[in-house]
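Examination of the molecular architecture
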There are 4 protein chains.
Amino acid sequence: MAGPGTTETGAAARETGAAGRGAAGASGAGSPAPRGRPRSEQADRAIMAATLELLAERGVAGMSIEEVASRAGVGKATIYRRWSSKGALALDAFLGEFKQQQPLPDTGTLRGDLRAELRAWVRAVTRTPAGRMLGDLIGAAQHDKDLAATYRERVLEPLRQQHRIMLDRAIARGEIPAGTDREVVLDLLFGAAQHRLLLGHLPLTDRFVRDVVEVIVAGIQSPAPS
Amino acid sequence: MAGPGTTETGAAARETGAAGRGAAGASGAGSPAPRGRPRSEQADRAIMAATLELLAERGVAGMSIEEVASRAGVGKATIYRRWSSKGALALDAFLGEFKQQQPLPDTGTLRGDLRAELRAWVRAVTRTPAGRMLGDLIGAAQHDKDLAATYRERVLEPLRQQHRIMLDRAIARGEIPAGTDREVVLDLLFGAAQHRLLLGHLPLTDRFVRDVVEVIVAGIQSPAPS
Amino acid sequence: MAGPGTTETGAAARETGAAGRGAAGASGAGSPAPRGRPRSEQADRAIMAATLELLAERGVAGMSIEEVASRAGVGKATIYRRWSSKGALALDAFLGEFKQQQPLPDTGTLRGDLRAELRAWVRAVTRTPAGRMLGDLIGAAQHDKDLAATYRERVLEPLRQQHRIMLDRAIARGEIPAGTDREVVLDLLFGAAQHRLLLGHLPLTDRFVRDVVEVIVAGIQSPAPS
Amino acid sequence: MAGPGTTETGAAARETGAAGRGAAGASGAGSPAPRGRPRSEQADRAIMAATLELLAERGVAGMSIEEVASRAGVGKATIYRRWSSKGALALDAFLGEFKQQQPLPDTGTLRGDLRAELRAWVRAVTRTPAGRMLGDLIGAAQHDKDLAATYRERVLEPLRQQHRIMLDRAIARGEIPAGTDREVVLDLLFGAAQHRLLLGHLPLTDRFVRDVVEVIVAGIQSPAPS
DNA sequence: TCTTAACCGAGACGGTACGTCAAGTCTTCCT
DNA sequence: AGGAAGACTTGACGTACCGTCTCGGTTAAGA
């Protein structure tokens, strides 16, 4: 699912990837026949492993394609064939690590759900190399439109989709008004946390998680008197 | 106040700066005998101008010291004598532009103050090149500890200091409880906005400003029922 | 005669080529049984055509097997199966073009024969792409022992064999002494011309041809007084 | 005199070289003031030494700029700043070795002079790495116009200039006709020898030297009967 | 008719070297 | 001693080809 090539920003190799997964169905459908020698899955794995290693050691900026190739025992071209930039490679490597760490909790109350969710996020970014990677990636995305788009599509949106479900459940339970702008709520929740992650001015404590959730839950439950 | 050299993170040129401020003269007077040719203020200005130009054109990552030097008609060493890294240079250039755009409003209500403040920030980052620079700087700070520290010290803290005053006034007016954690409030306020700036998933509209402020003000005014 | 495979310097494919042309007879001879799909003659032709095109456009050094394959609509392996190196391929392509342009004249006098022969050579190398190819090939042969050997065997020797006949006829006619070293004569004749071709310091004019022949003929007819 | 940079085919660094030679006259003349850090002579020497080593080991084609740089303990850019191509670098390295080995003999007779001269050339190309380099250079010059021009200018012409003097002395002595085309004579002399060097079909023996000279001397002394 | 062997085009593989760029430092002459 | 210039070493960039190796698919001759 999180296979290589998916972060591709160039156009070229899409078909190959698609063919590798859909492929050769008996139906006459669109798979365009994967000609030539197929891409080596072992190379995929070696590149991913080397990338994660270097990402943890030195961050996105400190890592070079050259060294990824050398550690993976792979030619540079083999990497460039799959990913169009360092950022895309790093993002794919990051995704594999980060994604499954973000569960969809269901505690029965909005407060409980938000706390669990934010706590999981905080844990992932403070206890694993994912935090550094995430900061680096957001940094790299500032001057790489493609990377930014891919980040939104592959990291941000899937997460937010999960989170919207939590809010929808709270609405269904009558905890919060139906008209609540879910986007704003999510920006407040993760924005505050990401702020501390990126700037490092204050620590991401459990206390912080609780306070943030408290303000938000209170804020949307009882609209302020004008 | 925002003169060159102040962002220095490396060790090299410190002495000069220190000498400029502290003494070393045997005499009681302050002047520490500035031997040699004094630094050219014209060079300072030319470097700043060239940096701003390039920053707007290409962002922090796309700009090279080499080109700044060439555009400013200045030797590379002249830049390195004043700033220890690309980030430090960019930050100084950014500060001159950004700082004065953040006023301390006093509308009489917390809601009004927060709105005015956040709106000013949004305006600055969406209507001027400052937005791009800010994102780039935060990005660069992810793999540059010195730059990160300087950013907190020179950009973040001064701003937050202003904002704490707003909150203190609200407490004094009895609008919000005295025990309110001002840091959390500020992280929510600017975290949400910065989230949208950095990730670009949604626009920074006036509506967004209003909604964010509304949730926060409500959240801290009336603590949620357990 | 100038079919593909003949320039092979490696050992591998010899048998195949031989079998393809001779062989397969029911007779008791050693026919090694040419099993499998026979080599495509169309591929041969396409490769030759593409090679000649590129040779004329860019010379030996500027041509890549990769592009030959692509222009010929052929896999790289199909080329490597037939020729062991770029030089061998280029030499075969060159031979087809060059060989038939070198006739064996018979004017009745040594002077006439030499003139006709050298003039034909000069014409071939100045009026057709053969000149450039020849220079390139000799150049490539400087660091490719196999190519050098093949060049001598397939280009130089056949030509010199022809030329020795001219000299033998002159000896038979009594024009020149029987003890004349034919090799030295030929080295003088073609060495001088090739010198100008390779170095390009002076043009290969008819006047030059005449003068060269004149000196040589005079030099071998009447040995200099000690 | 044979300093680096002189073989430059690009335009850039000329001034430096010029300044190095003309330079700094007290007069107001054209010296363009050699600003910036001067080029390191030690780097020059290290590059030359490494180039000669590799040239002898592997020839022009087998040598890479990358390895020259690494052996010389020098950045690639430092080489590219001085020479525009591998050929130019090799030629400069070759020149230093080859040039002084070609004396101007004066034996009193044309035959003696030519023999001495050709023998010296043969000795240089068969007994030292110069022979291989020379072949390689001529080969490389086939697809490098700049290199070819430089070769003619720096290697061929100086040598021929010397040789023309020998012929002029022979004319002055009345050994050969005043109208003799000296260019043709030289092309015959060195063409024949170079032919054997480049193609390697026959050895460059003393016997060969003698025979070649004999034919040429006889050929120009007594014009053949029509 | 069915193997089976060698071919076919395509294209990925691990590599090497390319020529360029920018980094931050050093060295010269000039002010 | 600062300044402009431009050299220095280092190291990564992304590209082009190298010669080899799979793929899925022909195309014969021999069983």
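Refer to the structure presented above.
So, here is what we can say about the structure in this document.

Thresholds applied
- Residues numbered from 1 in each chain as written.
- Chains lettered and ligands numbered in written order.
- Predicted model: local features only at pLDDT ≥ 70, side-chain atom pairs only at ≥ 80, totals over all residues.
- Heavy atoms only, no water.
- Buried < 20%, exposed > 50% of the residue type's maximum accessible area, 1.4 Å probe, protein only.
- Helix = DSSP H or I, 4+ residues; strand = E, 2+ residues; numbered from the N terminus.
- Arc of directions from axis to C-beta.
- Salt bridge = Lys/Arg side-chain N within 4 Å of Asp/Glu carboxyl O.
- Contact = heavy atoms within 4.5 Å.
- Buried area = accessible area lost by both parts, 1.4 Å probe.
- Least-squares fit on C-alpha atoms with pLDDT ≥ 70 in both.
- Near = heavy atom within 4 Å.
- Polar contact = N/O pair within 3.5 Å; in protein donor to acceptor, adjacent residues only side chain to side chain.
- Nonpolar A, V, L, I, M, F, W, Y, C, P; charged D, E, K, R; others polar.

Things to note about helix H3 (residues 65-72) of chain A
Residue and element names in this part refer to chain A.
- For H3, the set of buried residues is Ile65, Val68, Ala69 and Ala72. Across the axial projection of H3, the buried residues extend over an arc of 100°, all falling on one side. Within H3, the exposed residues directed more than 90 degrees away from the buried face are Glu66 and Ser70.
- Just past H3, the residue Gly73 takes up positive phi, approximately 65°.

A look at the pattern of salt bridges
- Applying the stated criterion across every chain, the model contains 84 salt bridges over all chains.
- Taking the shortest distance from any N to any O, the salt bridge between Asp44(C) and Arg82(C) comes out at 2.4 Å. Of the two residues, Asp44(C) is situated in helix H2 (residues 41-62) and Arg82(C) in the loop between helix H4 (76-80) and helix H5 (86-98); the sequence distance between them amounts to 38 residues.
- Asp44(C) sits in the buried class, given a relative accessible area of 15%.
- The residue Asp211(D) makes a salt bridge to Arg207(D) at a minimum N-O spacing of 3.1 Å.

Brief notes about the interface of chain B and chain A
- The partner chain A presents 44 residues to the 44 residues of chain B that form the contact.
- Of the roughly 3700 Å² buried at the junction of chain B and chain A (both faces included), carbon and sulfur atoms supply 63%.
- Taken as a group, Gln142(B), Leu188(B) and Leu199(B) account for 16% of the area that chain B buries against chain A, more than any other trio of residues on that side.
- Viewed at the interface, chain A and chain B are joined by two salt bridges.

Considering the relation of the copies chain C and chain D
- For the match of chain C to chain D, the screw axis carries a shift of 0.0 Å, the RMSD comes to 0.2 Å, and the turn is 179°. Here the copies are linked by what is in effect a two-fold axis.
- Same-surface contact between copies: 100% of interface residues of chain C are shared with the interface of chain D.

Structural notes on the protein's contact with DNA strand E
- Around DNA strand E sit 39 residues, and of these Arg81(A), Tyr80(B), Thr78(C), Arg81(C) and Tyr80(D) come closest.
- Each atom of DNA strand E within 4 Å of the protein was assigned to sugar, phosphate or base; sugar and phosphate come to 69%.
- With respect to DNA strand E, the side chain of Arg82(C) contributes an N or O atom lying 2.8 Å from a phosphate oxygen.
- Those elements that provide at least two residues to the surface near DNA strand E are helix H3 (65-72) and helix H4 (76-82) of chain B together with helix H3 (65-72) and helix H4 (76-80) of chain D.

Considerations on the interface of chain C and chain D
- Contacts between chain C and chain D engage 44 residues on the former and 44 residues on the latter.
- Roughly 3700 Å² is buried in total at the junction of chain C and chain D, and carbon and sulfur atoms are behind 63% of that figure.
- At the junction of chain C with chain D, the criterion picks out two salt bridges.
- Ionic pairing is found between Arg196(D) and Asp187(C), a salt bridge with its closest N-O pair at 2.4 Å.
- At the surface where chain C touches chain D, the tally comes to 12 residue pairs in polar contact (both at pLDDT 80 or more).
- Where the side of chain C that touches chain D is concerned, the elements lending two or more residues are helix H7 (130-141), helix H8 (145-172), helix H9 (182-199) and helix H10 (206-221) of chain C.
- The greatest single-element share of the side of chain C that touches chain D, amounting to 12 residues, is contributed by H9(C).
- For the side of chain C that touches chain D, the residue count by class is 21 nonpolar, 13 polar and 10 charged.

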